[in-house]
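# Geometric and topological summary
Here's the letter readout for the chains.
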Amino acid sequence: MTTYRDFALAHRGSARATVLRTVGTRERRSHLTAPRVPTVGIDIGGTKVMAGVVDADGNILEKLRTETPDKSKSPKVVEDTITELVLDLSDRHDVHAVGIGAAGWVDADRSTILFAPHLAWRNEPLRDALQARLAVPVMVDNDANTAAWAEWRFGAGRGEDHLVMITLGTGIGGAILEDGQVKRGKYGVAGEFGHMQVVPGGHRCACGNRGCWEQYSSGNALVREARELATADSPVAYNIIERVGGNIPEITGPLITELAREGDAMCVELLQDIGQWLGVGIANLAAALDPSCFVIGGGVSAADDLLIAPARDAFKRHLTGRGYRPEARIAKAQLGPEAGMVGAADLARLVARRFRRANRRRVERYERYAKAAEAVRRTGTTRTTQGSD
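What comes next is a walk through the structure.

Here is what the cut-offs are and how they apply
- In every chain, residue numbers begin from 1 and rise along the written sequence.
- Since the coordinates come from a predicted model, pLDDT governs what is reported: local features require at least 70, and pairs of side-chain atoms require 80 or more to be given and counted, while whole-chain, interface and lining totals use all residues.
- The side-chain figures draw on all heavy atoms in the structure; neither hydrogens nor water molecules are used.
- Per the convention used, a helix needs a DSSP run of H or I reaching at least four residues, while a strand needs a run of E reaching at least two, with both numbered from the N terminus.
- Using a 1.4 Å probe on the protein chains alone, a residue whose accessible area is under 20% of its type maximum counts as buried, one over 50% counts as exposed, and one in between counts as partly exposed.
- Contacts are assigned to residue pairs with any non-hydrogen atoms lying within 4.5 Å of each other.
- The Shrake-Rupley method, run with a 1.4 Å probe, gives the accessible areas here. Residue values count only the displayed protein chains as cover.
- Definition used in this section: a nonpolar core is a set of buried Ala, Val, Leu, Ile, Met, Phe, Trp, Tyr and Cys residues joined via side-chain atoms within 4.5 Å.
- Between 30 and 60 degrees the pair is tilted, below 30 it is stacked and above 60 it is edge-to-face, where a pair is any two Phe, Tyr or Trp rings, Trp via its six-membered ring, whose centres lie within 6.5 Å.

Here we come to the overall build of the chain. The helix and strand tally for the chain stands at twelve helices and 13 strands. Going through the 389 residues of the chain one by one, you find that 52% of them count as buried. In the chain, the proportion of contacts linking residues at least 24 apart, taken out of those at least 6 apart, comes to 66%. When the accessible surface of the chain is split by element, carbon and sulfur atoms take 50% of a total near 18,200 Å².

Right under this line is the structure:
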């Protein structure tokens, strides 16, 4: 009997690409009927590549992690890393599809990485490159989109029809889900909330503009403010200066959060500032998108109510029409750093369903043609035998 894996090995290329291009249009209905098969999700960030086998209920069956190749290295080095992780996991699991959540801009067809700030990807056809090396279909998406999908399916956003995900890490990422479908925009790059301008002429951003939201509410903003106070030898920074032995570059976001939990006044105040800016941005997004729920994820969200409580307060103060409109719920993400990986695997399951169906139809056609050819052959043999008599 021909298996899916056997058939996938023999049929690559245009048929698979055609199937993959249709994935995004029916996500809400499709996820309910997607095959309950294991898939691999891969989350590629600036420092790590995390890969895991995920079942249909969002459970991680096995997880691997390695360092992200340096951005100066060629795209093929990253492809080699992904391929090795998938093949390693495939040795122990029957993998049916691979989903990739990448920290960068992905085109609307979910095939090409238009730009990635931490990798040497510039208009890189990642999906096709990996499909040429792997025996299963591949799906590529932005990592915030995959994290939002995971929170909607298995985490803090379950039951919400209009959800906005905000990921606070080095910068700010985001995603929009409406009626169970990720809204990627015309060109695939929707959700770049971190680059909304909130302070004209403000801090210079890595994107080239000034005053972007992520310059005031992100891990980078948190660390920048703490280091500036420490560099100025401010009395309020003496505790954190002592903790790092005077080595100011060792001040990090997790350290600030740790000290804030211990009651350090400066660190508590810095998180409050970040949270207030977060609330301002959320209020702006509510005015534009009117979701029912905001899910806050990313590494900075580990500060919990030290960050989210001031964000809720600022949101209430800056929300347009406050007091005369329903207010969106603000919730902390539940799936932690694995959200992007889990979401990528679950979205890949939709690709597996459609690709399996297309393969099944081709197998059935092949079997019908084979039976017809066998019948013709037998008929010809019978006639030849009768003629010889």
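Here we take up the nonpolar core. For soluble globular proteins, the rule of thumb is that nonpolar side chains tend to be buried together. Membership of the largest hydrophobic core comes to 44 residues, with the highest contact counts inside it found for Ile166, Ile240, Leu278, Phe294, Ile296 and Phe315. Among the secondary structure elements, those contributing two or more residues to this core are strand E9 (162–168), strand E10 (172–178), helix H7 (219–231), helix H8 (238–243), helix H9 (253–261), helix H10 (265–289), strand E12 (293–297) and helix H11 (305–318). Sort the elements by how many residues they give to this core and H10 lands first, with ten residues. Leave out the neighbours within four places in its chain, and Phe294 touches Val164, Ile166, Ile282, Leu285, Ala286, Phe315, Ala328, Arg329, Ile330 and Ala331. In this structure, Val49, Val86, Ala102 and Val138 belong to the second largest nonpolar core, which totals 27 residues.

Another aspect to go through is the packing of aromatic side chains. Enumeration over the complete set of coordinates arrives at four aromatic pairs. A centroid spacing of 5.0 Å and a plane angle of 50° characterise the contact between Trp149 and Trp152, whose relative ring orientation is tilted. Of this pair, Trp149 and Trp152 are both found in helix H6 (residues 143–154), three residues apart, which corresponds to roughly one turn of the helix. Its relative accessible area of 0% is what places Trp149 among the buried residues. Taking relative accessible area as the criterion, Trp152 reaches 9% and is therefore assigned buried. Both rings, one in Phe294 and one in Phe315, keep their centres 6.2 Å apart while their planes meet at 70°; by these two values the pair is edge-to-face. Within this pair, whereas Phe294 is found in strand E12, its partner Phe315 is found in helix H11, the two being separated by 21 residues in sequence. Phe294 gets classed as buried once you look at its relative accessible area, which sits at 0%.

These values are about where atoms sit, not about what they do.
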